[in-house]
Amino acid sequence: MTERQILVAANWKMNGTLETIRPLLQSVIQGVQGITTEVAICPPSIYIPELAVQLNGSDISLGAQNVSHLEAGAYTGEISASMLKDFGCQYVIVGHSERRALYAENDALVARKFIAVQAKGMTPILCVGELLQERESNNTEEVIARQLDAVIELAGIEAFKNAVVAYEPVWAIGTGKTATPEQAQEVHEFIRLRLARHDNETADNVRVLYGGSVKADNAEQLFKMADIDGGLIGGASLVAEDFLTICKAMR
Ligand code: PEP
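## A closer look at the site of the ligand
The environment of the ligand is made up of 14 residues, and the closest members are Lys13, Glu168, Gly174, Ser213 and Gly235. One of the side-chain nitrogen or oxygen atoms of Lys13 is found 2.8 Å away from an oxygen atom of the ligand. Glu168 is positioned such that a nitrogen or oxygen atom in its side chain is 2.8 Å from an oxygen atom of the ligand. When the ligand sits alone it has 290 Å² of accessible area, and the protein chains cover 98% of it. Here the shell around the ligand is built from residues that sort into four nonpolar, eight polar and two charged.

## Thoughts on the sheet that holds strand E6 (residues 164-167)
Pairing is parallel in the closed barrel, where eight strands are placed in the order E1-E2-E3-E4-E5-E6-E7-E8. Each strand axis lies, on average, 25° off the axis of its neighbour in the sheet, ignoring direction. One ladder, built from four bridges, connects strand E5 (residues 123-128) with E6; its direction is parallel. When the sheet's bridge partners are listed, Leu126 is paired in E6 with Val165. Seen against the sheet, helix H5 (residues 107-119) touches strand E4 (91-94) and E5 and runs at an angle of roughly 160° to E5.

## Re the pattern of salt bridges
Evaluation of the coordinates by the stated rule reveals 16 salt bridges. The salt bridge involving Arg146 is made with Asp107; its shortest N-O contact spans 2.6 Å. Of the two residues, Arg146 sits in helix H7 (residues 140-155) while Asp107 sits in helix H5, which places them 39 residues apart along the sequence. In this structure Arg146 comes out as partly exposed when scored by relative accessible area, which is 45%. Among the residues examined, Asp107 registers a relative accessible area of 14% and is labelled buried. Between Asp227 and Arg192 there is a salt bridge whose closest N-O contact spans 2.6 Å. Here Asp227 is found in the loop between helix H10 (219-223) and strand E8 (230-233), whereas its partner Arg192 is found in helix H8 (residues 181-196), with 35 residues between them in sequence.

Conventions used here
- Residues numbered from 1 in each chain as written.
- Predicted model: local features only at pLDDT ≥ 70, side-chain atom pairs only at ≥ 80, totals over all residues.
- Heavy atoms only, no water.
- Near = heavy atom within 4 Å.
- Polar contact = N/O pair within 3.5 Å; in protein donor to acceptor, adjacent residues only side chain to side chain.
- Areas by Shrake-Rupley, 256 points an atom, 1.4 Å probe, with all protein chains shown as cover.
- Nonpolar A, V, L, I, M, F, W, Y, C, P; charged D, E, K, R; others polar.
- Pairing = 2+ DSSP bridges.
- Helix = DSSP H or I, 4+ residues; strand = E, 2+ residues; numbered from the N terminus.
- Axes fitted to C-alpha atoms, helices over the stretch in contact; angles between N-to-C directions.
- Contact = heavy atoms within 4.5 Å.
- Salt bridge = Lys/Arg side-chain N within 4 Å of Asp/Glu carboxyl O.
- Buried < 20%, exposed > 50% of the residue type's maximum accessible area, 1.4 Å probe, protein only.

By themselves, these figures tell us nothing about what the structure is for.
Next comes the structure, spelled out in structure tokens:
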């Protein structure tokens, strides 16, 4: 079996102030010293320059929660991939379900964001996941396939050589309802199979994270599953002790 390094990525969403993120960050920097898991933090974009300074010399990677699909121009309020690159971002989340639902981002736009990130040498974290009614009507695989295929059509399977996929069932995000390890594993395996239709090796090597109410007390059970390579962590990443327990959860 391919050995994929576990990645635990924090999505702070629109939370925190300088006063609260500084001590949180210091605790995380100290707490992850010596661990083999890769850790990334995606703060609100206004705090990216602050984190770039604080994370300098640490092993923690810096990420962003969103990006424009466009290069530059009259797009008030947007942030380009080059700007994120300028401040040392290595990862950029694209297609988070909150952006799909609240800002009407569709599969085609998400695919364009994915290639904009890669064009600047950063790694997209592509979020995919079904709504509760889609799961209940047995459409989970159809939805995930559509979300993956949109990116493959635009970027090609090659693009998944430098990408991370995050399976985030929408019904589990911020709700306290976690998918069981078996439910998550089933979809993670499906994601790999879908990619393997194009290229086995890429499918085998790509890291597939689970996100959706991962907590200190369920991370280990999830990360033990064969196709789960870590997590994208929302709420629990705002509490240093909880986040550190998740970062230390082993396969
Ligand atoms: C997320 O924001 O991607 C997420 C998974 O949130 P939570 O861990 O709070 O469910």
